[in-house]
Amino acid sequence: MVMFKVSRKATSPIDGQKPGTSGLRKKVTVFKQPNYLHNFVQSTFNALTLEKVKGATLVVSGDGRYFSKDAIQIIIKMAAANGVRRVWVGQNGLLSTPAVSAVIRERVGADGSKASGSFILTASHNPGGPHEDFGIKYNMENGGPAPEGITDRIYDNTKTIKEYFIAEDLPDVDISIIGVTNFSGHEGQFDVDVFDSTNDYVKLMKSIFDFESIQNLLASPKFSFCYDALHGVAGIYAKRIFIQELGARESSLLNCTPKEDFGGGHPDPNLTYAKELVARMGLGKANSQEEPPEFGAAADGDADRNMVLGKRFFVTPSDSVAIIAANAVQAIPYFTSGLKGVARSMPTSAALDVVATNLKLKFFEVPTGWKFFGNLMDAGLCSVCGEESFGTGSDHIREKDGIWAVLAWLSILALKNKDNLNGGKLVTVEDIVRQHWATYGRHYYTRYDYENVDAGAAKELMTYLVKLQSSLPDVNKIIKGIRSDVSTVVQADEFEYKDPVDGSISKHQGIRYLFEDGSRLVFRLSGTGSEGATIRVYIEQYENDSSKIGKDSQEALAPLVEVALKLSKMQEFTGRSAPTVIT
Ligand code: VG1
Ligand code: CO
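Residues numbered from 1 in each chain as written. Chains lettered and ligands numbered in written order. Predicted model: local features only at pLDDT ≥ 70, side-chain atom pairs only at ≥ 80, totals over all residues. Heavy atoms only, no water.

Take the sheet that holds strand E25 (residues 520-525) next. Read across the open sheet, the six strands follow the order E21-E24-E25-E26-E20-E27; overall the sheet is antiparallel. Each end of this open sheet is capped by a strand with a single partner; those strands are strand E21 (489-494) and strand E27 (581-582). Contacts from helix H16 (residues 472-482) reach E21 and strand E24 (511-515), with the element oriented near 115° to E21. (Pairing = 2+ DSSP bridges. Helix = DSSP H or I, 4+ residues; strand = E, 2+ residues; numbered from the N terminus. Contact = heavy atoms within 4.5 Å. Axes fitted to C-alpha atoms, helices over the stretch in contact; angles between N-to-C directions.)

Right, let's talk about the domain arrangement of the protein chain for a bit. By the assigned domains, the protein chain splits into domain 1 (2-197), domain 2 (201-440) and domain 3 (442-582). Here the C-alpha centroids of domain 2 and domain 3 sit 27 Å apart. The partner domain 3 presents 25 residues to the 28 residues of domain 2 that form the contact. Summed over both sides, the interface of domain 2 with domain 3 buries roughly 2200 Å², with 58% coming from carbon and sulfur. On the domain 2 side of the contact with domain 3, Met346, Asn375 and Trp437 bury the most area, a combined 26% of that side's loss. Across the salt bridge formed by arginine 512 and glutamate 365, the nearest N and O atoms sit 3.9 Å from each other. (Domains from an automatic or database assignment. Buried area = accessible area lost by both parts, 1.4 Å probe. Salt bridge = Lys/Arg side-chain N within 4 Å of Asp/Glu carboxyl O.)

A few words now on the site of ligand 1. In the vicinity of ligand 1, 19 residues are found, and the nearest of them are Thr21, Ser124, Ser389, Thr528 and Arg536. Within the side chain of histidine 125, an N or O atom sits 2.8 Å from an oxygen atom of ligand 1. Split by residue class, the shell around ligand 1 holds no nonpolar, 10 polar and nine charged. (Near = heavy atom within 4 Å. Polar contact = N/O pair within 3.5 Å; in protein donor to acceptor, adjacent residues only side chain to side chain. Nonpolar A, V, L, I, M, F, W, Y, C, P; charged D, E, K, R; others polar.)

Another aspect to go through is the side chain of serine 345. By the element assignment, serine 345 lies in strand E16 (residues 342-345). Residue serine 345 is classed as buried on the basis of its relative accessible area of 0%. At 2.7 Å, the side chain of serine 345 forms a polar contact with the side chain of threonine 348. In this structure, serine 345 is in contact with Val366, Pro367, Thr368, Phe373, Gly386, Glu387 and Glu388, ignoring residues within four places of it in sequence. (Buried < 20%, exposed > 50% of the residue type's maximum accessible area, 1.4 Å probe, protein only.)

You will see that serine 124, though not glycine, has its phi angle at about 55°, which is positive. Its location among the elements puts serine 124 in the loop between strand E6 (117-121) and strand E7 (133-139). Despite not being glycine, arginine 312 has its phi angle at roughly 50°, a positive value. Considering the arrangement of structural elements, one finds arginine 312 in the loop between strand E14 (306-310) and strand E15 (313-314). Arginine 312 gets classed as partly exposed once you look at its relative accessible area, which sits at 41%.

Further remarks concern the packing of aromatic side chains. Counted by the stated rule, this structure contains 20 aromatic pairs. Both rings, one in tyrosine 464 and one in phenylalanine 573, keep their centres 5.6 Å apart while their planes meet at 50°; by these two values the pair is tilted. Taken together, the positions of tyrosine 464 in helix H15 (residues 455-468) and phenylalanine 573 in helix H18 (residues 570-574) put the pair 109 residues apart, joining distant regions of the chain. The structure contains a cluster of three or more aromatic residues connected by ring pairs, namely Phe31, Tyr36, Phe67 and Phe134. In this structure, arginine 107 packs its charged tip against the face of tryptophan 88, placed 4.5 Å from the ring centre. Here arginine 442 stacks its cationic end above the ring of tryptophan 437, 3.8 Å away from the centre of that ring. (Phe/Tyr/Trp six-rings, centres within 6.5 Å; stacked < 30°, edge-to-face > 60°. Lys NZ or Arg CZ within 6 Å of the ring centre and 35° of its normal.)

In the structure, helix H10 (residues 317-331) departs most strongly from a straight axis at alanine 325, where the bend amounts to approximately 35°. Along H10, 13 of the 15 residues are buried, which leaves the element largely enclosed by surrounding structure. (Bend = angle between axes of the 7 residues up to and from the residue.)

Here we take up the pairing of E24. Burial within E24 is extensive, with five of its five residues counted as buried. Residues of E24 alternate between two faces, with Ile511, Tyr513 and Phe515 on one and Arg512 and Leu514 on the opposite face, all of them buried. In terms of strand pairing, E21 meets E24 through five bridges, oriented antiparallel. Opposite valine 489, over in E24, you have phenylalanine 515 as the bridge partner. As defined by bridge partners, E24 adjoins E25 across four bridges and the pair is classed as antiparallel. Opposite isoleucine 511, over in E25, you have phenylalanine 523 as the bridge partner. Hairpin connection from E24 to E25: four residues lie between these consecutive antiparallel strands, with glycine 518 at a positive phi of about 95°.

A few words on the packing of helix H2 (residues 36-47) against helix H5 (residues 148-160). The geometry of H2 relative to H5 is characterised by a closest axis approach of 8 Å and an angle of 125° between their N-to-C directions. The angle between the axes of H2 and H5 places the two elements in the oblique class. Considering how the two elements wind past one another, H2 and H5 form a crossing that is right-handed. Contacts between H2 and H5 involve Phe40, Ser43, Thr44, Asn46 and Ala47 from the former and Ile150, Arg153, Ile154, Asn157 and Thr158 from the latter. Split by residue class, the contact of H2 with H5 holds four nonpolar, five polar and one charged. (Parallel < 35°, antiparallel > 145°, perpendicular 65-115°, else oblique. Left-handed = near helix turned anticlockwise from the far one by under 90°.)

For the rest of this paragraph, the subject is the sheet that holds strand E9 (residues 179-185). A sheet is described by the order of its strands in space; here eight strands give the open sequence E1-E9-E10-E5-E4-E6-E7-E3, paired in mixed fashion. Of all strands in the sheet, those with a lone pairing partner are strand E1 (2-3) and strand E3 (24-27), marking the two edges. Where E3 meets E7, four bridges bridge the pair, whose relative direction is antiparallel. In the sheet register, lysine 27 faces E7, and the bridge partner there is aspartate 133. Contacts from helix H3 (residues 68-81) reach strand E4 (57-62), strand E5 (86-90), E6, E7 and strand E10 (188-195), with the element oriented near 155° to E6.

Inspection of the secondary structure assignment puts glutamine 554 in helix H17 (residues 553-567). Placed 29 residues apart in sequence, glutamine 554 and threonine 583 show a C-alpha to C-alpha distance of 9.8 Å. Aside from chain neighbours lying at most four places away, what touches glutamine 554 is Thr446, Tyr448, Ile582 and Thr583. Polar contacts involving the side chain of glutamine 554 include one to the side chain of threonine 446, which spans 2.8 Å. A polar contact of 3.3 Å, which involves the side chain of glutamine 554, links it to the side chain of tyrosine 448.

Printed below as a string of structure tokens:
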């Protein structure tokens, strides 16, 4: 067994290591600065209680983006030096974010060990490569992101750090080969266990869904399927699950080989960035002559997001979670005994609220970011939840889950078509969505993103919007001056959340303007960017008159969009006449 020594290294604080909505995300060039990663990792160890470090089992892996392999070796050496007993690494350093959550919760080592946490190496949907983004976040023993109490402590530690510990002489471990390597340090044995990246996750999916009924759907000549991993880590799960387990054809998969730079693209599953899939589904400008598949889906870099499409049809993520919740008990064996409750993030449309009211389910509205759902799930209050930002999931893990969402949709399609796969017309994705609108009403919804705007200007815009809120009569006067045909604002505030489980309070979670007819305007600054600021504007309008639910959403929302942009003086503050992304 190779012996290693522990070195104590002097260091000093580096500015700007505050974790955002989901971990620390910066340019690779920033992460490569001397001690940058080391400081953050040591600050994380120092933020955890001793038993979560000494003698503990940690998972270290990610979406495979550029710099991951170097980072994994550094974290292994620091874990050894900090007294961690063993590190579990997915083969080639690959584990999707939902798979990490599943591994923490489900995997049991040969000696009965369980993981107490994980470093996840990803910047999610942000581009990768030497000049793009890298990211790191810490997940806890429940499989969910570290709560704000811990991330605040990590940040505080980064501001005072003086030293870190590393086993410099520990040789690099070959993470391309499955197997255990043992080392010996003065505190005892240290192991690195490289394991199959997909097994634990696939096992979990098989325990949740009826794979046979999905297989039948995929085998039907009436049904066709397409999945785009955007060169992210979802590709390895897609190959295992859709091809090997469910029998889909190889040609159904697009971009399913993970690449360090995501093929130069932006691994964000939306109508702007998932270009190939959008074209194949007949939604692009230049429609191909070929008949599009019946179902299409995409994932982001770390495979926790999903976009669901039907033939020439886009399903908004807010509708998607509502439709999954409405059908879960009938379509998904895991939910047969009922839903404990449902939850959505504040800016997500209220489509889920209507389902909750109708089905008499507990309902929660939480701030943006998955960490807030975890407490509800741990307390048995929530089964299905989602965000407008292409995140959907359930209490099977404590992260959103891109492949799970696709399997949920395939399960609903399988159920709706179980009697007509051999005859009769296929019930399509579009049919299911239109039927849902007819039953529950439709929430027209759009999000405008202004990426990489000047951080100072973004702050000024937000301050201005908060100041406006002090007088509703003034707000309404401005709004009526912009468009007389929109409803009246009845409440305006900054969203604040009190966690019903631990009582913790999160303030300043987005600026809301709520209208009498249920319409909403929400303004937020992104917490996941790595440069400048991103302003997100969320625009929503409810319609339950069945003769008015079939409009184009941009058309239906045009008056509210105009109000949002003029009310916020968007162009004046940012100099931007148009958003960078519309979803
Ligand atoms: C964005 C989304 C948010 C999501 C977060 C992490 O955050 O809006 O809903 O939870 O990304 O998703 P922000 O602060 O940029 O709006 V992921 O797939 O990037 O981990
Ligand atoms: Co992600």
